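Single-letter residue listing:
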Amino acid sequence: MAVMDAQPATTGPAGLIARLRARLTGGPSEASLTRRLAGTIFIIRVISAGLAYVSQVLLARWMGTSDYGIYVYVWTWVLLLGSMMDFGISASAQKIIPEYRAGGEQALLRGFLSGSRWLTLAVSTLVSLALAGIVRLLSPWIDPAEVLPLYIGCITLPAFVVANTQDGIARSHDWMQLGLMPQFIIRQALIIGITGAAFLLGYHLGAVAAMAASAGAVWIAMTGQMAVLNRKLADHIPSGPKTYDIRGWLAVSLPILLVESFYLLLSYTDVLVLQQFRPSDEVGVYFAVVKTLALVSFIHYAMSATTAHRFAEYNASGDKARLSAYVAHAISWTFWPSLAATIVLLALGKPLLWLFGPQFVVGYDIMFVAAIGLVVRAAIGPVERLLNMLGQQKICALAYALAFVMNVVLCIALVPRYGGHGAAAATSISLTFETVLLFWIVRQRLGLHVLAFGK
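The rules behind each value
- Per-chain numbering applies: the sequence of each chain, read as written, is numbered from 1 onward.
- Since the coordinates come from a predicted model, pLDDT governs what is reported: local features require at least 70, and pairs of side-chain atoms require 80 or more to be given and counted, while whole-chain, interface and lining totals use all residues.
- Think of the side-chain values as coming from all heavy atoms in the structure, minus any hydrogens and water.
- Counting from the N terminus, the helices are the DSSP runs of H or I reaching at least four residues and the strands are the DSSP runs of E reaching at least two.
- Between buried and exposed lies partly exposed: a residue is buried under 20% and exposed over 50% of the maximum accessible area for its type, with that area taken using a 1.4 Å probe on protein chains only.
- Two residues form a contact once any of their heavy atoms are found within 4.5 Å.
- With residues, only the protein chains shown are counted as cover, and all accessible areas are computed by Shrake-Rupley using a 1.4 Å probe.
- Any Lys or Arg side-chain nitrogen located within 4 Å of an Asp or Glu carboxyl oxygen qualifies as a salt bridge.
- By convention, a stacked pair of Phe, Tyr or Trp rings (six-membered ring in the case of Trp) has centres within 6.5 Å and planes under 30 degrees apart, an edge-to-face pair has planes over 60 apart, and any other such pair is tilted.
- Working rule for helices: expected span equals 1.5 Å times residues minus one.
- We define the bend at any residue as the angle between the axes fitted to the seven residues before and including it, ending there, and the seven starting there.
- Excluding any residue in a salt bridge, patches collect residues exceeding 30% relative accessible area, merging like charges within 9 Å and nonpolar Val, Leu, Ile, Met, Phe, Trp and Tyr side chains within 5 Å.
- The angle between two axes is taken between their N-to-C directions and runs from 0 to 180 degrees, where each axis is a line fitted to C-alpha atoms and a helix contributes only its stretch in contact.
- For any helix crossing, the convention is left-handed if the near helix is rotated counterclockwise from the far helix by under a right angle, and right-handed if that rotation is clockwise.
- In this count, Pro and Cys sit with the nonpolar residues alongside Ala, Val, Leu, Ile, Met, Phe, Trp and Tyr, while Asp, Glu, Lys and Arg are called charged and the others, Gly among them, polar.
- Polar contacts, as counted here, are pairs of nitrogen or oxygen atoms within 3.5 Å of one another; within protein the pair requires one atom able to donate a hydrogen and one able to accept it, and residues that are adjacent in sequence qualify only if both atoms are side-chain atoms.

## Observations regarding the overall build of the chain
Then step 1. Scanning the chain from terminus to terminus reveals 16 helices and zero strands.
Then step 2. Each of the 455 residues in the chain was classed as buried or not, and the buried ones make up 55%.
Then step 3. Sequence separation of 24 or more characterises 83% of the internal contacts of the chain that already satisfy a separation of 6 or more.
Then step 4. Summed over all atoms, the accessible surface of the chain reaches about 18800 Å², with 69% contributed by carbon and sulfur.

Pasting the structure below:
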């Protein structure tokens, strides 16, 4: 760690305070910058979690467990499909943009900054139309209460995909607030405002109204983010000709898409399988548990979002010592805060679930089962980003694919009998299996130790 963040050799209370301040907030080193940026991301996600928690609590109380379960089911599909329909460009931007900047390839950089968004908008629109057609064909076999919310979900997808792409571009320039605030704060605030206004005006707030409010919030937030991002890029990148290397972008992005897709499938399989085998009210309770534990995942997300493009930079420069120290720093600052957050959330679990409604407290036991997988995954930090940025996307995708298959099999085996407990157990076992695989892959392929403890 001395490579990353050497500390002054001061003693006494003043020296201790100075070292603590430098460790948490200051210093010009990459590690200090990473902590500040990760701290910014974490604060945004915590505020977002608070807003999301408020919105989910209000929706659950206003809609009832059945309508709320339908809304959760459809919104889960939006999150899952919307996060995969950008070809992985939101993640690969953190590899492509630093490499273009390092190589002085300004025409390619300008082409990517505009072309990537047009590409994802066009394709996501076509895919959304196709999905709406599938809903139409399958409507005789779909619960009638789910059909219209699913159509609204299709309308939401293009804006969701473009917002993800813009997030990746903003993060590659260290503009964390611009990348994250529109999606995680502004969008949540709009959902609360729109649904709250509808409720106060006396409209029936069912799954259709909640999805319509969510769709409007996604489109408004994305449009505002686009306007600000275009202005900042115009100030940051000199104007000039643009070159569009779409084949090159996809060559980098598609393997990363496999990783992201299997990760998302692994994340959402439990909810989707639960919806197929158990009543909607059980889905609502399980989703409340997942939302309550979301703070743990935010820490992992914050470090992943902050470190990915720096992994690519250090690898491109051939600075292995700096890369190794930076990886160790990222893992440590993922695991220990995640462990602390898990302990706090489990201690406060019952009152937090009660906020959704007294009937949601029955999910408290599920929290302990679900927390195991999150803590185990945090023990190796954002190594999936490390593998993606260092050209190991295919083996990383294979690890996630195996974990996903395990999760599906376990969910199908356990959910019909054990409900939410079975879904949580299946996910925790699969996350543990995935963590072991990734640890072994990094050890074998990169020769790095990626546990938060030991050597």
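## Focus on the pattern of salt bridges
Then step 1. Per the stated rule, a full pass over the model turns up three salt bridges.
Then step 2. Residues E99 and K95 are paired through a salt bridge, measuring 3.1 Å at the closest nitrogen-oxygen approach. Residue E99 and its partner K95 are both found in helix α4 (residues 89-103); the two are separated by four residues, about one turn of the helix.
Then step 3. By relative accessible area, which is 12% here, K95 ends up buried.
Then step 4. The salt bridge involving D167 is made with R171; its shortest N-O contact spans 2.9 Å.

## Considerations on the packing of aromatic side chains
The geometry of two aromatic rings is summed up by the distance between their centres and the angle between their planes.
Then step 1. Counted by the stated rule, this structure contains eight aromatic pairs.
Then step 2. Both rings, one in Y68 and one in F360, keep their centres 6.3 Å apart while their planes meet at 85°; by these two values the pair is edge-to-face. Of this pair, Y68 sits in helix α3 (residues 30-84) while F360 sits in the loop between α13 (349-354) and α14 (364-378), placing them 292 residues apart in sequence.
Then step 3. Judged by relative accessible area, F360 falls into the buried class, the value being 1%.
Then step 4. With a centroid separation of 5.2 Å and an interplanar angle of 85°, the aromatic rings of F112 and W249 are classed as edge-to-face. With F112 in helix α5 (residues 106-138) and W249 in helix α9 (residues 246-277), the pair connects residues that are 137 residues apart, well separated along the chain. The same class applies to F112 and to W249, which are both buried.
Then step 5. Three or more aromatic residues joined by ring pairs make a cluster, and in this case those are Y71, W75 and F160.

## Details of α4
Then step 1. Between the first and last C-alpha of α4 there are 20 Å, a value that for 15 residues agrees with the 21 Å anticipated at 1.5 Å per step.
Then step 2. In α4, a bend of some 25° at K95 exceeds every other bend along the element, and P98, a proline, comes one to four places later.
Then step 3. Burial analysis of α4 places eleven of its 15 residues in the buried class, which makes it a mostly covered element.
Then step 4. Taken as a whole, α4 has its buried residues at I89, S90, A91, S92, A93, Q94, K95, I96, I97, P98 and Y100.
Then step 5. Just beyond α4, the residue with positive phi is G104, at close to 65°.

## Here's the deal with a nonpolar patch on the surface
Then step 1. Residues I134, L137, L138 and W141 make up a contiguous nonpolar surface patch of about 500 Å² in total accessible area.
Then step 2. As for its position among the elements, L138 is in helix α5.

## A closer look at helix α7 (residues 176-200)
Then step 1. In this model, α7 (25 residues) spans 35 Å end to end at C-alpha, consistent with the 36 Å of a helix rising 1.5 Å per residue.
Then step 2. When the local axis directions of α7 are compared, the greatest deviation, roughly 45°, occurs at P182.
Then step 3. Just beyond α7, the residue with positive phi is G202, at close to 90°.

## Overview of the packing of α7 against helix α8 (residues 207-236)
Angle between the axes and distance between the axes: these two values describe a pair of packed helices.
Then step 1. In the contact formed by α7 and α8, the axes pass within 8 Å of each other and the chain directions differ by 145°. Judged by the twist between their axes, the crossing of α7 over α8 is right-handed. Contacts between α7 and α8 involve L178, G179, P182, I186, R187, L190, I191, I194 and T195 from the former and A210, A213, S214, A217, V218, I220, A221, Q225, V228, L229 and K232 from the latter.
Then step 2. Taken together, the residues of the contact of α7 with α8 sort by class into 14 nonpolar, four polar and two charged.

## A few points about the side chain of Q392
Then step 1. Mapped onto the elements, Q392 comes out in the loop between α15 (383-389) and α16 (393-445).
Then step 2. Under the relative-accessibility criterion, Q392 is labelled buried at 15%.
Then step 3. Of the polar contacts made by the side chain of Q392, one reaches the side chain of R445; its length is 2.7 Å.
Then step 4. Excluding residues that lie within four positions of it along the chain, Q392 makes contacts with L387, R445 and L446.

## Points about the environment of R117
Then step 1. Examined against the element boundaries, R117 turns out to sit in helix α5.
Then step 2. Judged by its relative accessible area of 9%, R117 is buried.
Then step 3. As for R117 and V161, which are separated by 44 residues in sequence, their C-alpha atoms are 8.9 Å apart.
Then step 4. Filtering out sequence-adjacent residues up to four positions away, R117 remains in contact with V162, T165, Q166, I169, M226, L229, N230 and L233.

## Observations regarding the side chain of S253
Then step 1. Within the fold, S253 resides in helix α9.
Then step 2. For S253, the contacting residues outside a window of four places in its chain are F87, G88, I89, S92 and I96.

Shape is all these values report; function is a separate question.
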